[in-house]
Amino acid sequence: MSFFEIKKISCIRGNKLLFKDLNFKLNTKELLVIKGANGSGKTTLLKILCGLLKPISGSIIINKKDTNILKDEYFKYFEYIGHENAIKSSLTVRENLNFYLKIKKNLTKKNFEKAIKIFNLKNLLDIKIENLSSGEKRRVSLSRLILSKSKIWFLDEPTNGLDKKNTLNFFKILKQHLQLNGLAIVASHDEIKIKNKNINL
Amino acid sequence: MLNFFNLIITDIKISLRKKNESIISILFFLFSILILPLVFQGDQEILKRFLIGIIWFLTLLTIIFSVEKLFENDYEDGMLDQIYISGIPLEIIFLSKSLSIWIITCLPIIILSPLLLLLFNLQIEKLLNIFVSLLIGTPILCMVGAVTSAVVLGFNKGSSIISLITLPLYIPVLIFGIEASNSEIIFNQISQEFKILIGYLLIVIAISPWIGGLALRLKYR
């Protein structure tokens, strides 16, 4: 029995059929890479998996439970890093992270120092987001993954804007997460050198 | 409940940081009133007659302008998605947003208007009246505006047309707000207009979180 499973998911967006009867199963320690051209529905699929959009048919099953029944409970299982960084430009890095620590139950303050260290944010902590470069903003956004206790990571083009060194660093973190019984679904154009399953949209 | 206050505190913090944007609406209100004597060519009598109406009208305009993009920023930078998947009910998100916009734009107006009216030699009782009626009326305007902003969220075209649909909902507030400001408070007895205004406020408080929450939920379908 796999930990995470989607059954027959179909989606129509703006009169266009994006995908039909999509199925896959994922176990812990596994990585799924979603590939596809621009506009093929990668972001839409990730949003459906997060419960941000409703598919026209199909179901998502986690740990043998349907997410439609779990409802808000389901949100604790995953951490989602979307296409946008979801950080406030007039707040500092620290304030942004603290905001998420306060409102999200799956994040823990315990890992704060670790997240700062891994993404090399120490010198940026008290700088306003509007003064950061796009790569730095992305790192702030990604650092939420380290704060999170959730098993599943949904990542939408996580390495967008990162330089080579930070990209490699990020994949190292992803690998560690998978080794620690994690599970990740990533939409990316990059070549990912970690062993993975993949689907083409 | 704690999250509710966290959202409000963060919103207020952000607006205090973005000084120019949050102050501009209050400056608009302030300057519009200060140039009124020029518009009425210094005629005290006419000015006094229309002053309260004009204050209400300017309050309405200020609120409509500042409430317009209430959810837009959070929606565009992905914050709304993140707040949603943190499990906070959309109704609570809606309420926190309306309360924070009320604190940011309306509270200064409510405090400033009686002081401004002092400049125009209005009777002291009238000042109390306008203070109380603004206190009751502005939350209604904010919540109706917030509902509009939630409904038009994500529409690029025609949003201005949709926002016109809710315009009639503002009008009772204007009518009874002005009447209440002009009414006389007799000891231990508040006037009819105040009662109607309070009734409208209670209805809006009871209904609008559900409509606003529903409008936001439609974005996640």
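Residues numbered from 1 in each chain as written. Chains lettered and ligands numbered in written order. Predicted model: local features only at pLDDT ≥ 70, side-chain atom pairs only at ≥ 80, totals over all residues.

(A) Inspection of the sheet that holds strand β4 (residues 57–62) of chain A at higher detail. Residue and element names in this part refer to chain A. Taken together, the four strands give an open sheet; going across it, the order is β2-β1-β4-β5, and neighbouring strands pair in antiparallel fashion. With one partner strand each, in any of the chains shown, β2 (16–26) and β5 (65–66) form the two edges of the open sheet. Strand direction decides the pairing type here: strand β1 (residues 4–13) and β4, joined by five bridges, are antiparallel. Across the sheet, residue Lys 7 finds its bridge partner in β4, namely Ser 59. Strands β1, β2 and β4 of the sheet are contacted by helix α1 (residues 42–50), whose axis makes an angle of about 125° with β1. (Pairing = 2+ DSSP bridges. Helix = DSSP H or I, 4+ residues; strand = E, 2+ residues; numbered from the N terminus. Contact = placed C-beta atoms within 7 Å. Axes fitted to C-alpha atoms, helices over the stretch in contact; angles between N-to-C directions.)

(B) How the structure looks around the pairing of β4(A). Residue and element names in this part refer to chain A. Bridge count for β4 against β5 is two bridges, and the pairing is antiparallel. Counted as the bridge partner of Ile 62 is Lys 65 from β5. Here β4 folds back onto β5 in antiparallel fashion, the turn holding two residues, of which Asn 63 has a positive phi close to 50°.

(C) Just helix α3 (residues 93–103) of chain A, in detail. All of the buried residues in α3(A) are Val93(A), Asn96(A), Leu97(A), Phe99(A) and Tyr100(A). Taken down its axis, α3(A) places every buried residue within 150° of arc, on the same side. Tucked inside the fold, the buried residues of α3(A) contact α5 (134–147) of chain A together with α1 (2–17) of chain B. (Buried ≥ 20, exposed ≤ 12 C-beta atoms within 10 Å, placed from the backbone. Arc of directions from axis to C-beta.)

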